[in-house]
Amino acid sequence: MKLTNFDETDQLAVTNLRVLSAEMIEQAKSGHPGLPLGAAPMLWVLWSRHLRLDPQTPKWLNRDRFVLSAGHGSALLYSLLHVSGFDVTMDDLKHFRQFGSRTPGHPEYGVVDGVEATTGPLGQGLGMAVGMALAETHLSAQFETEPALIDHYTYSLVGDGDLMEGVSHEAASFAGQHQLGKLIVLYDDNSISLDGPTSRSFKTDVTQRFESYGWDTQVVTDGNDLAAIDAAINRAKQTAQPSLIAVKTVIGFGAPGAGTNAVHGSPLGEAGLAALRQNLNWTAKPFTVVPAVAKRAQTMIMARGHQAAEQWQQRVDQLPLPMLRQLKQQLTTTLPLDLTAQLPSYDEGAEASRMTSHTMIQTLAAHLPELVGGSADLASSNKTTIETDDLMTPAHPAERNLAFGVREFGEGAILNGMALHGGLRVFGSTFLVFSDYLRGAIRLAALQHLPVTYVFTHDSIAVGEDGPTHQPIEQLMSLRLIPNVTVLRPSDPNETVAAWWQAVNATDHPTVLILTRQNLAVLPNSKRLAMTGVARGGYVLSPQKGLEPMGILIASGSEVGLAIKAQAKLARLGQDVSVVSMPSMDLFQQQSAQYQASVLPPQVRRRVAVEMGATLGWERFVGLDGTVVGLDHFGASGPAEAVLPALGFAVDAVVQAYQQTHVERAGQRLAVI
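This one's a predicted model, so the numbers in the text were calculated from it and none came from an experiment. (Residues numbered from 1 in each chain as written. Predicted model: local features only at pLDDT ≥ 70, side-chain atom pairs only at ≥ 80, totals over all residues. Heavy atoms only, no water.)

Colleague: What's the story with the UniProt feature "binding site: Mg(2+)" (unreviewed entry) in the protein chain in this structure? I'm lost.
Modeller: According to UniProt, the feature "binding site: Mg(2+)" (unreviewed entry) maps to Asp 160, Asn 190 and Ile 192 in the numbering used here. For this annotated set, covering 33 residues, all C-alpha atoms fall within 7.6 Å of each other, a compact arrangement in space. For Asp 160, the location among the structural elements is in helix 6 (residues 160–164). Classification of Asp 160 by relative accessible area gives buried; the value is 4%. Discounting residues that sit within four places of it in the chain, Asp 160 has contacts with Tyr 187, Asp 188, Asp 189, Asn 190, Ser 191, Ile 192 and Thr 198. (UniProt positions renumbered as here; feature names shortened; annotations may be inferred. Helix = DSSP H or I, 4+ residues; strand = E, 2+ residues; numbered from the N terminus. Buried < 20%, exposed > 50% of the residue type's maximum accessible area, 1.4 Å probe, protein only. Contact = heavy atoms within 4.5 Å.)

Written out as structure tokens, the structure is:
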């Protein structure tokens with residue numbers, strides 16, 4: 001059913017959504033009624049007249065995407081999903097924000113179908129929408145057919161808070177650069193934020209700002225004018241630029257305190273809800289979708305989406321076999337069976353792990369057409385360019401190298417959106433010390449179980465002359481603290497290959513690769529042991545000579561080579577120790593207790609960990625009797641060969657640390673020699 005005019009049923013639907021959302025919040029005694037009450041008209045127009053979604057096949061690739069960047073308005077999204085036939089029941093709505101419910105306080109990807117992204121941290125939803133739109137543009141060019149096989153819109157609803165966050169600037173600028181014409185953003189322009197009027201802290205002319213980024217902009221002066229909102233969306237669909245539609249709304253429309261921050265983030269209360277129902281002339285029972293609204297949603301939203309999904313699948317079934325095979329490969333997590341045989345291996349020599357990573361990227365890109373990535377203006381330093389491809393631009397959208405510019409946070413959010421879209425394996429890069437800028441996006445990738453790969457180079461004080469501003473200290477350990485993130489710091493070329501293999505095989509978590517600028521020598525035994533050892537997070541790379549080590553040196557990255565040199569000197573001093581390479585603490589801790597004990601025998605308490613970073617966290621492996629050679633202060637500017645020994649990273653310093661802490665066997669007293 002195609003209906004362009006708006007009638008009483010549409011007005012009834014808007015009111016139904018408003019009241020239902022407010023009822024959810026009131027029952028939960030928690031939530032944000034302001035946005036649902038103000039933005040219900042624009043989202044009803046979007047869902048009833050434009051979005052192509054099919055609750056029966058909710059994950060079909062060519063569906064339109066909708067991202068509620070202003071995630072605090074989740075009650076409205078859940079109400080829409082329920083009305084539209086998704087698996088969100090009335091009981092789910094009644095348990096909004098309750099422990100264990102399927103309707104959490106902010107939208108969470110993977111909990112219910114129809115929620116395309118986890119949002120709530122303001123600004124990131126817009127960034128993820130940009131990533132989805134970029135993925136659509138790239139895949140459309142990659143699977144070039146007439147008419148286009150991949151051809152959908154990405155919509156997002158943003159609020160004032162989203163557009164105050166810096167990541168929105170980064171993402172919007174990037175979107176304008178890439179001329180993402182199928183990205184349409186609705187701006188809930190109500191001039192109110194949590195603490196009060198936005199004039200307290202915000203005077204930006206938003207439309208001018210977006211126009212300067214290369215966006216098409218429109219203003220709808222009445223947020224209740226369904227026809228005007230519809231006309232603006234239709235116009236936006238005709239532009240070759242990303243579109244921002246500023247819709248002037250009244251926060252908390254119809255409720256006591258409407259137009260003020262009082263209705264932003266607190267339930268209306270029993271009296272307030274009663275007043276809302278009276279003001280909106282709503283007499284239906286609580287938690288009701290009236291029959292006329294249900295029928296309108298069924299005949300428009302569900303029918304339109306289901307027809308589009310079926311027609312698209314028919315087109316897929318008729319694709320030439322090579323293209324169909326490639327599409328299926330890109331939509332699955334399965335790697336080509338012969339890929340392992342193509343991986344490089346190293347017998348000798350030395351090179352920076354960023355260079356080995358570069359080799360791996362070329363190998364993977366040759367066999368995985370879905371591999372796409374880039375850097376925050378450091379590709380020449382991160383060594384992340386896919387050499388067979390040029391830069392992805394509006395004129396060449398099928399290329400696989402992305403120039404994110406100096407926009408680390410935006411890069412992270414955009415990568416998340418691309419991963420959420422499906423059909424791509426994505427990676428991004430910068431210096432390790434600047435991972436702080438995109439940490440929020442890494443956290444959302446982990447929450448959403450997205451297999452994004454981060455290539456963080458220049459991993460330590462060995463950066464040298466660039467000084468403490470560029471020398472990471474706390475970043476490595478802090479990244480290890482994020483749940484569901486695998487952090488890998490390989491010690492040589494073979495471990496770097498194995499680390500990338502872990503990243504490309506990941507399906508439900510992001511992976512962080514910590515790589516060097518300085519050369520790393522191929523270490524003894526790594527060619528034979530690295531692939532399995534890295535998969536287990538830690539392993540004995542250089543064993544002791546006897547049956548049991550007198551002590552253990554544990555290290556990651558470039559410091560493993562240092563530990564092996566210290567092992568040789570300790571042997572000359574009569575100390576038979578093993579060297580454990582620990583590229584990934586989290587992978588090691590996932591291993592069985594038996595395996596962990598085989599690498600770190602509990603009776604061997606004389607242990608030293610060596611890592612050029614914060615020491616906090618290593619105590620779980622060295623124990624109370626061990627020690628850590630690390631850094632709990634900032635570095636210094638100077639050549640690496642001068643800075644490293646001055647800050648304690650030399651063979652003699654490691655040997656001395658070992659000698660100063662000594663326990664012969666479990667249960668014996670600490671003895672200093």
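Structure shown, so let's carry the discussion forward.
Colleague: Could you clarify how one ought to interpret the packing of aromatic side chains in this entry?
Modeller: The description of an aromatic ring pair rests on the distance of the ring centres and on the angle between the ring planes. Using the criterion set out here, one finds 14 aromatic pairs in the structure. Measuring from centroid to centroid gives 4.8 Å for Phe 210 and Trp 215, while their planes differ by 90 degrees, and the two rings are edge-to-face. Each member of the aromatic cluster is reached from another via a ring pair, and the members are Phe 588, Tyr 595, Trp 618 and Phe 621. Positioned over the ring face of Tyr 153 is Lys 237, at 5.4 Å from the centre of the ring. (Phe/Tyr/Trp six-rings, centres within 6.5 Å; stacked < 30°, edge-to-face > 60°. Lys NZ or Arg CZ within 6 Å of the ring centre and 35° of its normal.)

Colleague: Just to check I follow, could you spell out the pairing of strand 3 (residues 183–189) for this structure?
Modeller: The side chains of a regular strand alternate between both faces of the sheet. The buried count for strand 3 comes to 7 of 7 residues, which makes it a mostly enclosed element. Bridge count for strand 2 (residues 154–159) against strand 3 is 6 bridges, and the pairing is parallel. Note that in strand 3 the partner of Thr 154 across the bridge is Leu 183. Here 6 bridges tie strand 3 to strand 7 (residues 243–248), and the two strands are oriented parallel to one another. When the bridges of strand 7 are listed, Tyr 187 appears paired with Ala 246. (Pairing = 2+ DSSP bridges.)

Colleague: Can you walk me through the nonpolar core in this structure?
Modeller: Counting 69 residues, the largest nonpolar core has Leu 183, Trp 215, Tyr 454, Phe 456 and Leu 479 as its most contacted members. For this core, the leading source of residues is helix 5 (residues 124–142), giving 9 residues. When we break this core down by domain, the ones giving at least three residues each are domain 1 (8–312) and domain 2 (339–521). Excluding residues that lie within four positions of it along the chain, Leu 183 makes contacts with Ala 129, Val 130, Ala 133, Thr 154, Ala 175, Trp 215, Pro 242 and Ser 243. Core analysis: the second largest hydrophobic core is formed by 66 residues, Val 14, Leu 77, Tyr 155 and Ile 229 among them. (Core = buried A, V, L, I, M, F, W, Y, C linked by side-chain atoms within 4.5 Å. Domains from an automatic or database assignment.)

Colleague: Is there a simple way to think about the confidence of the model for the protein chain in this case?
Modeller: Close reading of the predicted structure is inappropriate where its pLDDT is low. Averaged over all residues, the pLDDT of the protein chain equals 96, while 98% of them reach at least 70. Counting contacts from residues 664–673, a segment whose pLDDT is below 50, to residues more than four positions away or on other chains yields 19 contacts. (pLDDT = per-residue confidence, 0-100.)

Colleague: Sorry, what's going on with helix 19 (residues 526–535) here?
Modeller: Each α-helix turn comprises 3.6 residues. Residues three or four places apart therefore point the same way. Listing the buried residues of helix 19 in full gives Ser 526, Ala 530, Gly 533 and Val 534. Take helix 19 and look down its axis: the buried residues cluster within an arc of 90 degrees, on one side only. Elements in contact with the buried residues of helix 19: strand 13 (486–488), helix 18 (493–505), strand 16 (539–542) and helix 21 (585–589). Gly 537 sits one or two positions beyond helix 19 and adopts a positive phi of about 85 degrees. (Arc of directions from axis to C-beta.)

Colleague: Looking at this structure, I do not really get the pattern of salt bridges. What am I missing?
Modeller: Side-chain pairing between opposite charges can occur once the charged atoms of the two side chains come close. Within the structure shown, the criterion is met by 22 salt bridges. Between Arg 296 and Asp 7 there is a salt bridge; the shortest N-O distance is 3.0 Å. One end of the pair, Arg 296, is in helix 11 (residues 291–317); the other, Asp 7, is in the segment before helix 1 (8–28), and 289 residues separate them in sequence. The class for Arg 296 is buried, based on a relative accessible area of 9%. Note that Asp 10 is salt-bridged to Arg 296, the shortest N-O span being 3.2 Å. Of this pair, Asp 10 sits in helix 1 while Arg 296 sits in helix 11, placing them 286 residues apart in sequence. (Salt bridge = Lys/Arg side-chain N within 4 Å of Asp/Glu carboxyl O.)

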